[in-house]
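# Coordinate inspection notes
Take a look at the letters that make up each chain.
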Amino acid sequence: MELLPIPHSSSDIVHCVNAEIIETDSSGYGINSETFKNYYFPNRQRINSARELIDMWLESQRIKSEQTERVYRQVAYELLRWLEERYNLPDLRLCTLAHLQFFLAYLKDEKPHLYKGKDGEYKSKLDKNGNPKIGLGKNAIAKYVCAIRSLWKFGCKQAIGYFPINIAEELGVSWDDKTAERVLSERKVYKLDDAAKELSRRHWVLFILLYYSGCRVGEIGRVTSKNSKTGKTEVLNPGLYWRQLREQTNDEGDMELVLTITGKRNKTRTIVLDAETSEVLLAIRSGARDDEPVFPSCSHRDKGQPLTDRGIRLMMQEIGDKADIKFSPHYLRHTHATHAKKKGASDFDIMAQLGHTSSTMTSRYVKLSGKQGTSHVLRK
């Protein structure tokens, strides 16, 4: 095989690609030539389809957590289906920058809002007038952009060699900083606490644990994901069991529970719960063994298993509906950090409690209101 010349400028690249490298196959698409890939990516992985690329990408070190993997998988396959249905493009290598921009426009103007109900079926979310909600918000679209950029960057790596150029890097990421909205006032926390008590003891104990521990919902609930290769459901986090809680006595002589949980990137940490929260938890144990879940699932299918993260989110939604306050379990995590800071907790303690690896991430969670600035200091 005659070696191709190494291009020295962008015009040389265009000439090589148009004249010799990309040959048109029987389907009319110019991507079947192995010459280009063998020459410029000699050590690449032999990937035959977009689905193989997506699976390899999701298993790579670029994906840091199970939740990110789950979201990125959804984005990648949704893009793939949209390209096939809208433009009859069977392969991501046929996708252009214009296609990606049209996809983002579809997300903004046409994509319906869906949620998974208790029956497992996806249903349309409704607006205040009872009409189906259409179009994603700015931050939701930003997550799609991050996933697409990550996929193309991975596919352009020399060791992968699936994409010849990274068209996705031209997509801009724009976020609205809504972290301050995720911090609930103490008045709202008390109102949600009362609503949880009215619903059930189980609702209340879950609410108390999430607020006073600052845990992620995926650290308390059982998290599962469907393996795209085998089609089987895999358990990413088994959920909370009584064996993860042990008793200790504090300096005042009160009994406290020490909670051991596994967070992102399989990092284990311990959290000391306050005496009041510990008492609330122990009150629901009723002689349960260490190998039994703290919050058993009510589903016949999951009998004997811990409550899932989706189940916990639905219960928090029920509390919010009862109190007429919009919030999610992650709001409680932001609220925990901010309230703890206001009451004198150190940045180091908050970072350790939340399981963060950097103070920068913790600072995004803490949103203090009513700051006095520095002018008052000059008056002292």
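A few points on the structure. (Residues numbered from 1 in each chain as written. Predicted model: local features only at pLDDT ≥ 70, side-chain atom pairs only at ≥ 80, totals over all residues. Heavy atoms only, no water.)

## Re the overall build of the chain
Secondary structure summary: the chain contains 15 helices and seven strands in total. Within the chain, contacts between residues at least 6 apart in sequence are counted, and of these 58% link residues at least 24 apart. Put simply, the chain shows about 22400 Å² of open surface, and 48% of that area lies on carbon and sulfur atoms. (Helix = DSSP H or I, 4+ residues; strand = E, 2+ residues; numbered from the N terminus. Contact = heavy atoms within 4.5 Å. Areas by Shrake-Rupley, 256 points an atom, 1.4 Å probe, with all protein chains shown as cover.)

## What to know about the packing of helix H4 (residues 66–87) against helix H5 (residues 97–109)
Two elements in contact, H4 and H5, have axes whose closest approach is 11 Å; the angle formed by their N-to-C orientations is 100°. When the interaxial angle is binned, H4 and H5 end up roughly perpendicular. Note on element contacts: H5 touches H4 through His-99, Leu-100, Phe-102, Phe-103, Tyr-106 and Leu-107, opposite Glu-78, Leu-79, Trp-82, Leu-83, Arg-86 and Tyr-87. Residues that form the contact of H4 with H5 fall into these classes: nine nonpolar, one polar and two charged. (Axes fitted to C-alpha atoms, helices over the stretch in contact; angles between N-to-C directions. Parallel < 35°, antiparallel > 145°, perpendicular 65-115°, else oblique. Nonpolar A, V, L, I, M, F, W, Y, C, P; charged D, E, K, R; others polar.)

## Observations concerning the environment of Ser-60
As for its position among the elements, Ser-60 is in the loop between helix H3 (50–58) and H4. Under the relative-accessibility criterion, Ser-60 is labelled buried at 15%. In sequence terms Ser-60 and Phe-154 are 94 residues apart; their C-alpha atoms lie 8.9 Å from each other. In terms of polar contacts, Ser-60 uses its side chain to reach the backbone carbonyl oxygen of Trp-57, at 2.6 Å. (Buried < 20%, exposed > 50% of the residue type's maximum accessible area, 1.4 Å probe, protein only. Polar contact = N/O pair within 3.5 Å; in protein donor to acceptor, adjacent residues only side chain to side chain.)

## Thoughts on the sheet that holds strand E6 (residues 255–262)
The strand order across the open sheet built from three strands is E5-E6-E7, with neighbouring strands paired in antiparallel fashion. A single partner strand is all that each edge strand has here, and the edge strands are strand E5 (245–249) and strand E7 (268–272). When the angles between neighbouring strand axes are averaged without regard to direction, this sheet yields 25°. Note that E6 and E7 share five bridges and pair antiparallel. Bridge pairing in E7 links Thr-262 to Thr-268. (Pairing = 2+ DSSP bridges.)

## What to know about the pattern of salt bridges
Enumeration according to the criterion identifies 18 salt bridges in this entry. In this structure, Lys-111 engages Glu-78 in a salt bridge whose closest nitrogen and oxygen atoms are separated by 2.9 Å. With Lys-111 in the loop between H5 and strand E1 (114–116) and Glu-78 in helix H4, this pair connects stretches of sequence that are 33 residues apart. Residues Lys-111 and Glu-78 agree in their burial class; the two are buried. (Salt bridge = Lys/Arg side-chain N within 4 Å of Asp/Glu carboxyl O.)

## Points about a negative patch on the surface
On the surface, a cluster of negative charge is made up of Asp-251, Glu-252, Asp-254, Glu-276 and Glu-279. Mapped onto the secondary structure, Glu-276 falls in helix H10 (residues 275–283). (Patch = residues over 30% accessible without salt bridge, like charges linked within 9 Å, V, L, I, M, F, W, Y side chains within 5 Å. Lys, Arg positive; Asp, Glu negative; His and termini not counted. Charge placed at Lys NZ, Arg CZ, Asp CG, Glu CD.)

## Observations regarding the pairing of E6
As defined by bridge partners, E5 adjoins E6 across five bridges and the pair is classed as antiparallel. Among the inter-strand pairings, Gln-248 is bridged to a residue of E6, identified as Glu-256. Counting the residues between successive antiparallel strands, the hairpin from E5 to E6 contains five residues, one of them, Gly-253, with a positive phi of roughly 90°. Counting the residues in the hairpin turn of E6 and E7 gives five residues, including Arg-265, whose phi is positive at 60°.

## Some remarks on the nonpolar core
Trp-57, Leu-92, Leu-100, Phe-103, Ile-148 and Trp-152 are the most contacted members of the largest nonpolar core, which has 40 residues in total. Mapped by element, the contributors of at least two residues to this core are H3, H4, H5 and helix H6 (138–155). In this view, Trp-57 contacts Ile-63, Tyr-72, Ala-76, Ala-147, Ser-150, Leu-151 and Phe-154; residues no more than four positions away in its chain are not counted. Counting 37 residues, the second-largest nonpolar core is a separate cluster that includes Leu-206, Ile-261, Leu-281 and Ala-323. (Core = buried A, V, L, I, M, F, W, Y, C linked by side-chain atoms within 4.5 Å.)

## Some thoughts on unusual backbone geometry
In most cases, non-glycine residues show a negative phi, while peptide bonds are predominantly trans. In this model, Asn-88 sits at a positive phi of 55°, which is unusual for a non-glycine residue. Among the secondary structure elements, Asn-88 is positioned in the loop between H4 and H5. Accessibility expressed as a relative area gives 59% for Asn-88, which makes it exposed. Look at Ser-286: it is not a glycine, yet its phi comes out positive at around 50°. Relative to the helices and strands, Ser-286 resides in the loop between H10 and helix H11 (309–323). Residue class for Ser-286 comes out exposed when judged on its relative accessible area of 68%.

## What about helix H12 (residues 329–342)?
In this model, H12 (14 residues) spans 20 Å end to end at C-alpha, consistent with the 20 Å of a helix rising 1.5 Å per residue. Burial analysis of H12 places ten of its 14 residues in the buried class, the great majority of the element. Among the residues of H12, those classed as buried are Pro-329, Tyr-331, Leu-332, Arg-333, His-334, Thr-335, His-336, Ala-337, Thr-338 and His-339. A positive backbone phi angle near 105° is found at Gly-344, which sits one or two residues after H12. (Expected span 1.5 Å × (residues − 1).)

## Topic: the packing of aromatic side chains
Counted by the stated rule, this structure contains ten aromatic pairs. Look at Tyr-211 and Tyr-212: their rings are 4.7 Å apart centre to centre, the planes differ by 75°, and that puts the pair in the edge-to-face class. Owing to a relative accessible area of 11%, Tyr-211 belongs among the buried residues under this scheme. What makes Tyr-212 partly exposed here is its relative accessible area of 39%. (Phe/Tyr/Trp six-rings, centres within 6.5 Å; stacked < 30°, edge-to-face > 60°.)

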